[in-house]
Every structure is written in structure tokens, then in C-alpha cells.
Amino acid sequence: QVQLVESGGGLVQPGGSLRLSCAASGFVFISYDMSWYRQAPGKERELVASITSPSGNTNYADSVKGRFTISRDNAKNTVDLQMNSLKPEDTAVYYCNARHRLFRSVDYWGQGTQVTVSS
């Protein structure tokens, strides 16, 4: 049974930091590129950051470059998103995604974790 379980969301003040984590199970983690997406109320889901396998190449949305860092631990089957200098516009539900590095139509989603940036 495939599972992607996100954790680490919450309420944080502008300028603060949060670290999201996604624990994966039920599939061969190293065969999948991993990504974080987010969806704010009334907006479409957007790609935030991705990290490939096995090379570990990363890609970021322009809006988060220099503030967010994606990383993966292939031994623990986890992917993290370190978010610094958070802004109110980062408020969204953040989703973990796994997409097979060869068979791109094979992908899985987590249930999402809420991040709210507000004073």
C-alpha cells in the first residue's frame, strides 16, 4: 500500500521557518523523483520544489528560490522541505508528490499539510 505522509505544517509568523517532512512507503523510493506542491485557497496547485533520483538535482519555483530547500534521504525514504523567511503568500496546503523517474504517469500524492503564515 502506497503512502505519503506529510508532517510539520502549522502556524508561523512572517519571517519564521518551518520544516516539512514526507515519509514514503509502499514503493521503491529511489525510483521516484520527489516534489512538494502547494495549493492556496482559490488558486491552482503549483510546484514548489522537486528533487530527482538518483542524481538529487533540485528545481524551485521562482517565488521560493533562496528561501526553501528540498532534500531527500533515500535510506529513510523521506523528503523534506526547509522553509525559511516565510511570507504570508506562502500560506497554503502543501502536498508531497512522488513520480516515477521513467514512467511519468505513475505518481502518488500525500494528503497535504496546512502551512499558515500570519502575525
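Everything discussed here concerns the structure shown above.
Here the structure is a predicted model, which means the values were calculated and not measured.

Novice: Tell me about the overall build of the protein, and name the residues and values.
Specialist: Looking only at helices and strands, the protein has zero helices and eleven strands in total. Scaling as 2.2 N^0.38, a compact globule of 119 residues should have a C-alpha radius of gyration of about 14 Å, and the protein matches this with 14 Å. Its C-alpha atoms put the protein at 40 × 25 × 25 Å along the principal axes. For the protein, buried positions account for 43% of its 119 residues. As displayed, the protein has an accessible area near 6,200 Å², and 48% of this comes from carbon and sulfur atoms. The average position of the 12 basic charges and that of the 10 acidic charges among the side chains of the protein differ by 3 Å.

Novice: Just give me the short version of the state of the cysteines, but keep the residues and values in it.
Specialist: For the coordinates displayed, the defined rule picks out one disulfide. In this model, Cys22 is linked to Cys96 through a disulfide, with the two sulfur atoms separated by 2.2 Å. Between Cys22 and Cys96, the S-S dihedral sits near -80°, and the bridge is therefore left-handed. With a gap of 74 residues between them, Cys22 in strand S3 (residues 18-25) and Cys96 in strand S9 (residues 92-100) connect regions that are remote in the sequence. Per residue, the accessibility class of Cys22 equals that of Cys96, and both read buried.

Novice: How would you summarise the side chain of His100 if you had to cite specific residues and measurements?
Specialist: With respect to the helices and strands, the residue His100 is situated in strand S9. Leave out the neighbours within four places in its chain, and His100 touches Ser31, Tyr32 and Val106.

Novice: Could you give an account of the sheet that holds strand S8 (residues 78-83), with specific residues and numbers?
Specialist: The strands making up a sheet are joined through hydrogen bonds of the backbone, oriented either antiparallel or parallel. Taken in spatial order, the four strands of this open sheet run S1-S3-S8-S7, and their pairing is antiparallel. The open sheet terminates on both sides in strands that have one partner only, identified here as strand S1 (3-7) and strand S7 (68-73). For this sheet, the mean angle separating the axes of adjacent strands, direction not counted, is 15°. As paired strands, S3 and S8 are joined by six bridges and run antiparallel to one another. Bridge pairing links Leu20 to Leu81 in S8.

Novice: So what's going on with the environment of Asp73? Residues and values would help.
Specialist: Locating Asp73 in the fold gives a position in strand S7. In this structure Asp73 comes out as partly exposed when scored by relative accessible area, which is 28%. When the C-alpha atoms of Asp73 and Asp107 are compared, they prove to be 19 Å apart, with 34 residues separating the residues in sequence. In this view, Asp73 contacts Phe29 and Thr78; residues no more than four positions away in its chain are not counted. Reaching out from Asp73, the side chain makes a polar contact with the backbone nitrogen of Lys76 at a distance of 3.1 Å.

About the cut-offs
Residues numbered from 1 in each chain as written. Predicted model: local features only at pLDDT ≥ 70, side-chain atom pairs only at ≥ 80, totals over all residues. Heavy atoms only, no water. Helix = DSSP H or I, 4+ residues; strand = E, 2+ residues; numbered from the N terminus. Rg over C-alpha atoms; globule rule 2.2 N^0.38 Å. Buried < 20%, exposed > 50% of the residue type's maximum accessible area, 1.4 Å probe, protein only. Areas by Shrake-Rupley, 256 points an atom, 1.4 Å probe, with all protein chains shown as cover. Lys, Arg positive; Asp, Glu negative; His and termini not counted. Charge placed at Lys NZ, Arg CZ, Asp CG, Glu CD. Disulfide = S-S within 2.5 Å. Contact = heavy atoms within 4.5 Å. Pairing = 2+ DSSP bridges. Axes fitted to C-alpha atoms, helices over the stretch in contact; angles between N-to-C directions. Polar contact = N/O pair within 3.5 Å; in protein donor to acceptor, adjacent residues only side chain to side chain.

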